[in-house]
Amino acid sequence: MPLLEALLALAALAGNTVVTAAVTDAWGAAKSGFARLLGRGDPEKVEAAERRLDETREQLAGATGADLERARAALEARWTTRLADLLEDDPGVEGDMRALVEQIQAQVSAADHSLAAGRDMNITGGVKMADRGGVVADNVQGSISTGNPPQPGQANV
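Because the structure is a prediction, the values reported are computed rather than measured. (Residues numbered from 1 in each chain as written. Predicted model: local features only at pLDDT ≥ 70, side-chain atom pairs only at ≥ 80, totals over all residues. Heavy atoms only, no water.)

1. Considering the nonpolar core
Part 1 of the reasoning: Phe-34, Leu-37, Leu-53, Leu-83, Leu-86, Leu-87 and Met-97 are the most contacted members of the largest nonpolar core, which totals 32 residues.
Part 2 of the reasoning: Secondary structure elements with two or more residues in this core: helix H1 (2-21), helix H2 (27-39), helix H3 (43-61), helix H4 (65-89) and helix H5 (94-113).
Part 3 of the reasoning: Setting aside anything within four residues of it in sequence, one finds Phe-34 in contact with Ala-14, Thr-17, Val-18, Leu-53, Leu-83, Leu-100 and Val-101. (Core = buried A, V, L, I, M, F, W, Y, C linked by side-chain atoms within 4.5 Å. Buried < 20%, exposed > 50% of the residue type's maximum accessible area, 1.4 Å probe, protein only. Helix = DSSP H or I, 4+ residues; strand = E, 2+ residues; numbered from the N terminus. Contact = heavy atoms within 4.5 Å.)

Below is the structure:
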């Protein structure tokens, strides 16, 4: 019974990951990874999974407010069921699914909490130097330069 619960929990986490990633920059990796996982080497099944994944993204992109929350919940339930069925049919995909979920969640998390710019950026609030030469900023007027950050293993002096 605990194994079944663990697989159902993984399916729920994976379903949530699909829906969460659908509206982020991590979508490309999520779509291809889940399509490959669901297709299990069959090109027709991969293509069918890609279509379903695209439909998910389209449904979320067109929704706002309460409609968005209802769509998220319905789609998450649908993907949880689909991924639970996959785990039931082929328990050997558990490791691949777990690795894919971790990879996509890391990409979604990084996208939610970081920002990079190839040119000027306006930041409002306070600025603090972070560990290993990074910058945490709320309000900056002008330039920020971290110089040469210390290399791994070097002491900050």
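So that's the structure; there's more coming.
2. Some thoughts on the packing of aromatic side chains
The description of an aromatic ring pair rests on the distance of the ring centres and on the angle between the ring planes.
Part 1 of the reasoning: Counting across every chain of the model gives zero aromatic pairs.
Part 2 of the reasoning: Looking at Arg-82, its charged tip hangs above the ring of Trp-79, at a distance of 4.7 Å from the centre. (Phe/Tyr/Trp six-rings, centres within 6.5 Å; stacked < 30°, edge-to-face > 60°. Lys NZ or Arg CZ within 6 Å of the ring centre and 35° of its normal.)

3. Quick word on the pattern of salt bridges
Part 1 of the reasoning: Tallied over the full model, the rule gives five salt bridges.
Part 2 of the reasoning: Residue Asp-54 is joined to Lys-31 by a salt bridge in which the shortest nitrogen-to-oxygen separation is 2.9 Å. On the criterion of sequence distance, the pair formed by Asp-54 in helix H3 and Lys-31 in helix H2 is long-range, its members being 23 residues apart.
Part 3 of the reasoning: For the salt bridge of Glu-94 with Arg-98, the shortest nitrogen-to-oxygen distance reads 2.8 Å. Taken together, the residues Glu-94 and Arg-98, both in helix H5 and four residues apart, mark about one turn of the helix.
Part 4 of the reasoning: Relative accessible area serves as the criterion here: at 24%, Glu-94 is assigned to the partly exposed category.
Part 5 of the reasoning: For Arg-98, a relative accessible area of 34% gives the class partly exposed. (Salt bridge = Lys/Arg side-chain N within 4 Å of Asp/Glu carboxyl O.)

4. Focus on the environment of Ala-49
Part 1 of the reasoning: Residue placement: Ala-49 occurs in helix H3.
Part 2 of the reasoning: Judged by its relative accessible area of 2%, Ala-49 falls in the buried class.
Part 3 of the reasoning: As a C-alpha pair, Ala-49 and Phe-34 span 15 residues in sequence and 7.7 Å in three-dimensional space.
Part 4 of the reasoning: In contact with Ala-49, other than residues within four places in its own chain, are Ala-35, Leu-38 and Trp-79.

5. Quick notes on H4
Part 1 of the reasoning: Counted at 1.5 Å a residue, the expected span for H4 with its 25 residues is 36 Å, and the 36 Å between its end C-alpha atoms agrees.
Part 2 of the reasoning: Of the residues making up H4, those classed as buried are Ala-71, Leu-75, Trp-79, Thr-80, Leu-83, Ala-84, Leu-86 and Leu-87. (Expected span 1.5 Å × (residues − 1).)

6. Re H3
Part 1 of the reasoning: The end-to-end C-alpha distance of H3 is 27 Å, a good match for the 27 Å that 19 residues give at a rise of 1.5 Å each.
Part 2 of the reasoning: Among the residues of H3, Val-46, Ala-48, Ala-49, Leu-53, Thr-56 and Leu-60 are the ones counted as buried. Buried positions in H3, seen along its axis, are confined to an arc of 165° and lie on one side of it. Opposite its buried face, H3 presents the exposed residues Pro-43, Glu-44, Glu-58 and Ala-61, each directed more than 90 degrees away.
Part 3 of the reasoning: Where H3 begins, one side-chain oxygen reaches toward the backbone nitrogen of Glu-44, 2.9 Å away; that side chain belongs to Asp-42. (Arc of directions from axis to C-beta. Polar contact = N/O pair within 3.5 Å; in protein donor to acceptor, adjacent residues only side chain to side chain.)

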